[in-house]
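# Structure at a glance
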Amino acid sequence: MEFVKQYWAPLVCGLVIVAVLPLIVGYVVLVERKIMADMQARLGPMRVGPHGLLQPIADAVKLLIKEDIIPEDADKLVFWLAPVLSVAAALLAIAGLAIGPAFQIAKDVNIGILFVVGVSAMGIFGIVLGGWASNSHYSLIGALRSSAQLVSYETAAGMALVCGLLFAGTLNIASIVEAQRTQGIWFGLLAPVAFFTYLVASIAETNRAPFDLPEAESELVAGYMTEFSGFRWSLYFLAEYTNMIVVASVATTLFLGGWLRPFSETHWLNFIDFLPPLLMICIGVYCLIRTPKQPARVQQLFMLAVAGLCFAVALVLAAPVLVPIIKPSLAAAVKPYYEGILGGFWFVFKVSAYIYFFMWLRFTLPRYRFDQLMRLGWHFLIPLSIINVLLIGIAMIAGQYFHLAGWSLLLTTIPASIIALIVALFILATEQKSEPQKASGAAPDSYA
Amino acid sequence: MLDQVIFYLFAAVAVISAILTVTRRNVVHSAIFLITALLATAGIFLQLRAEFLFIVQIILYVGGIMVLFVFVIMLVNLDVAVRQLQFARQKWVALLISLALAAQVGLMLWSTGKMPGQGVPVLAAAPVDKLPLNSEAVAKSLFETYLLPFEIASVLLLVAMIGAVVMAKKRT
C-alpha cells in the first residue's frame, strides 16, 4: 500500500495529465477563437457541433492524418527531437504545480516554484533546435529571436518572482499559498509592480502577441515552425499553450492566492462559497434556453447534454457547502473535500482569467518591433524589477519595525512600488533623451 | 535496489553522452549530448536529496548551453568544422596520463576497507527526516557562515560583467 501511494499514484496522475492536457489545450484554442470572433464581431467556429463545441476534436484528427514533411537537407534526428523536447519540458513543469491542496503530483518539493520555472524554460531548446534543424533562414531567424527574447525577459520574470517569494519566505508551492492564507492578503496586492512585471515578462516568454516576434507571419512566415507540419507542428502548438497554462498557474500561485477564494479568512463573506455553483447553474439554464433555437435534433440533444453537465458540476461544487448546513453531523467528514473541490474551482477560475487577459491583449495590441521589444525589456522592465526587489525588501524591513502585517503592510509596500515605478520611468526618460536619433524613426534592426 | 538501478542508469547516460560530446563531429550534436550529460548529473543530485543543486544545475548549466547554441549557430561554420581535424596529435601522452589516472582511481577503490583511513570513505546514509530543508540549508551557509566570501565573489562577478560590457562597447 505504501509502495502504491509512493510510486503509482503520482504515476497515474501524471498519465492522466499527459492524456487530458491536449484536450484542454484544444478547448483553450477554441475559446481563444471564440473570444477573437467576439471581439471582431463575428461568430467564430460554428459548424462542428453546436457553437463549434466539437471543433478541437476535428482539428486534432485533421492534424494527425496530415502528411508529415521533413525538409530534404534537414538534420533528421534533431528535427525529430526538437518538438518532443518542447512538449516534454512544458508537461514536466505541470508536475510541480498545485491545483488544490490535494492535487499535486510532486508533493512537498522543497524547490517547488524554481522547478516549475527552470524546467519550463528548457522548452526553448526545442524552439532553437527546431529552427536550426529545419535548414531554413526563416526558421533560424525565428529561433534566434526567440532565444534572445527569452533570455532578456527571463531576468525580469525571475526578479518579479523574487519579490513574491520575499513575502512567502519559501519556495514550496503549497506553503506559498498557505502563507497567503495566514497573512490574509494576496501577494499580487502587496507587490503590484512585481505582478505587472511578471505579467509582461510571461507574455514575452510564451511568445504571445504583442511579443510574438519569433513567429511573426508578416516577416518570417511562421518563424521556427515554418518547416514543421502535421503532428510535429501540433506538438509545438501544444507546448505553447501548455506553457501559457504553466505561467498562468505560477502567477496564480504566487500573486493571486492559488486555490484560496477571495477573502478566505473573512467569515462574514462566506457566502462567496455559493457563487461557483450558482455560476454553473446560470450557464446550465442559459444552455436550456438556447436549446429550442438549435437547428438540428442532434445539436439540441448536445446542448441538453452540456446543460446537464453544468448542473452536475454545480451539484459537485455545492455539495461541500450545503452538506454541513443540511446535516451538521457530516460537517467534519466533508471538510477535507471543501478545499479540494472549491479550491480547484478557484484555481482554474484564476488561471482562466489570466489566460483570458493574454487573449484580450493579443486581439487589442499591434505587434512590437524587435528593437522596441528589446528596449522595453532591457531599459524598462529589468531596471524596474531590480529596483522593485530592493525597495520591497526595504519596505518589508520597515514593516517589521512598525509591526505591520497583512493588509497594513500595504502602507509600506505601495509607496515602495510607486517609487520603483517612478525611478524606472526616469531611467527610461533619461536614456531616451541621451539617444534622440535612435529613439525616433526606424532604428536599424541590430538584434535580429 | 530501485535506487541503485536509477543511479546506474543516470551514471551510464552521463558517461556515454560525455564521450559522445567529445567525439561527435557536428558541434550542435555535441551540445545536445552535453545537455544530456548535465541533465543526468542533475538526476544524480536529485537522488542524493540535493534538490537545490539539481535545479541550479538545470537553470544555470543547462540554461547556459542555450547561449552556447546561439554562439555555435552564429559563429561556427559547420561545413568547415566537419572537415577539420578533430583531435590534437597527443595520443601517447594522453594515453599515459589517463592510464595513470585510472591506476590512481583503481588503487583508491581497491584500498577501501582494506586499509583503515584509506580509500573511499564509507558513510552511513543520513536519516531523511533529520536532513535540514535543502534551500534553507544552502541559504544559511551562504548568507550566515560564508557571507563575506559570498559577497566578495558577487562583487567580482559584477566587475567582470561590467568589464565585459565596457570592452564590447569600445569596438563600435
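Please read these numbers as outputs of a predicted model, since none were measured by experiment.

Let us now look at the overall build of chain B. A tally of helices and strands in chain B yields seven helices and zero strands. When the helices and strands of chain B are placed in sequence order, the string is α-α-α-α-α-α-α. Looking at the 172 residues of chain B, the share that counts as buried comes to 12%. In chain B, the proportion of contacts linking residues at least 24 apart, taken out of those at least 6 apart, comes to 49%.

Across its full length, chain A holds 17 helices and zero strands. Taken over C-alpha atoms, the radius of gyration comes to 24 Å for chain A, in line with the 22 Å a tight globule of 448 residues would show. Reported as C-alpha extents along the three principal axes, the dimensions of chain A are approximately 75 × 65 × 50 Å. Within chain A, the fraction of its 448 residues that count as buried is 42%.

Right, let's talk about the interface of chain A and chain B for a bit. On the side of chain B, 15 residues touch chain A, which itself brings 18 residues to the contact. For the side of chain A that touches chain B, the secondary-structure elements that each account for two or more residues are α4 (112-121), α5 (123-133) and α6 (137-168) of chain A. Its residues placed into classes, the side of chain A that touches chain B shows 15 nonpolar, three polar and no charged.

The next point concerns the packing of α4 of chain A against helix α11 (residues 230-255) of chain A. Residues and elements named next belong to chain A. It is the contact of α4 with α11, at a shortest axis distance of 11 Å, that shows an interaxial angle of 155°. The angle between the axes of α4 and α11 places the two elements in the roughly antiparallel class. The two elements α4 and α11 meet at a crossing, and its hand is left-handed. Across the interface between the two elements, Ile113, Val116, Val117 and Ser120 of α4 pack against Asn243, Val246, Val250 and Leu254 of α11. Its residues assigned to classes, the contact of α4 with α11 shows six nonpolar, two polar and no charged.

Turning our attention to unusual backbone geometry. Residue and element names in this part refer to chain A. The residue Asn135 is not glycine, and still its phi comes out positive at about 60°. Its place among the elements puts Asn135 in the loop between α5 and α6. What makes Asn135 partly exposed here is the crowd of 15 C-beta atoms within 10 Å. Although it is not a glycine, Asn207 sits at a positive phi angle of roughly 55°. Tracing the backbone shows Asn207 in the loop between α9 (192-205) and α10 (217-220). Residue Asn207 is classed as buried on the basis of its 23 C-beta neighbours within 10 Å.

What follows deals with the confidence of the model for chain A. All names here are of chain A. The predicted model of chain A averages 81 in pLDDT, with 93% of residues at 70 or higher. α9 holds the highest mean pLDDT among the elements of chain A, 89, whereas helix α17 (residues 436-439) holds the lowest, 51. In the model, residues 439-448 has pLDDT below 50 throughout and makes twelve contacts with residues more than four positions away in sequence or in other chains.

Here we take up the nonpolar core. Within the largest apolar cluster, 132 residues are counted, with the highest numbers of intra-cluster contacts made by Ile113, Val116, Ala160, Tyr198, Ala201 and Ala251 of chain A. Those residues in contact with Tyr198 of chain A that sit more than four places away from it in its chain are Ala157, Ala160, Leu161, Ala251 and Phe255 of chain A.

Residues and elements named next belong to chain A. Secondary-structure assignment places Trp233 in helix α11. For the pair Trp233 and Asp68, spaced 165 residues apart in sequence, the C-alpha separation works out to 9.3 Å. When neighbours within four sequence positions are excluded, Trp233 is seen to be in contact with Met225 and Phe228.

Attention shifts here to the domain arrangement of chain A. Residue and element names in this part refer to chain A. Each assigned domain of chain A is listed with its residue range as follows: domain 1 (13-65), domain 2 (69-257) and domain 3 (267-362). Counting residues at the interface gives five residues for domain 1, matched by six residues for domain 3. Across the side of domain 1 that touches domain 3, the residue classes tally to three nonpolar, one polar and one charged.

If pLDDT is low for a region, its predicted coordinates should not be looked at in detail. Confidence in the prediction for chain B averages 82 pLDDT; 85% of positions are at 70 or higher. Across the predicted assembly, pTM comes out at 0.83 and ipTM at 0.77.

On to α6 of chain A, then. The first and last C-alpha atoms of α6 of chain A sit 45 Å apart over 32 residues, in line with the 46 Å expected at 1.5 Å per residue. Here α6 of chain A lies mainly inside the structure; 24 of its 32 residues are buried.

This part takes up the packing of α6 of chain A against α9 of chain A. Residues and elements named next belong to chain A. Across the interface, α6 lies against α9 with an axial gap of 8 Å and an inter-helix angle of 150°. Relative to α9, the element α6 lies roughly antiparallel. In the packing of α6 onto α9, the handedness of the crossing is left-handed. Residue-level contacts link Gln149, Leu150, Tyr153, Glu154, Ala156, Ala157, Ala160, Leu161, Cys163 and Gly164 of α6 to Ala194, Thr197, Tyr198, Ala201, Ser202, Ala204 and Glu205 of α9. Classifying every residue of the contact of α6 with α9 gives eleven nonpolar, four polar and two charged.

What follows deals with the environment of Gly64 of chain B. Residue and element names in this part refer to chain B. In this structure, Gly64 sits in helix α3 (residues 51-75). With 10 C-beta atoms counted inside 10 Å, the residue Gly64 sits in the exposed group. As for Gly64 and Ile35, which are separated by 29 residues in sequence, their C-alpha atoms are 9.8 Å apart.

Reading the values: rules and limits
- Residues numbered from 1 in each chain as written.
- Chains lettered and ligands numbered in written order.
- Predicted model: local features only at pLDDT ≥ 70, side-chain atom pairs only at ≥ 80, totals over all residues.
- Helix = DSSP H or I, 4+ residues; strand = E, 2+ residues; numbered from the N terminus.
- Buried ≥ 20, exposed ≤ 12 C-beta atoms within 10 Å, placed from the backbone.
- Contact = placed C-beta atoms within 7 Å.
- Rg over C-alpha atoms; globule rule 2.2 N^0.38 Å.
- Nonpolar A, V, L, I, M, F, W, Y, C, P; charged D, E, K, R; others polar.
- Axes fitted to C-alpha atoms, helices over the stretch in contact; angles between N-to-C directions.
- Parallel < 35°, antiparallel > 145°, perpendicular 65-115°, else oblique.
- Left-handed = near helix turned anticlockwise from the far one by under 90°.
- pLDDT = per-residue confidence, 0-100.
- Core = buried A, V, L, I, M, F, W, Y, C linked by C-beta atoms within 7 Å.
- Domains from an automatic or database assignment.
- Expected span 1.5 Å × (residues − 1).

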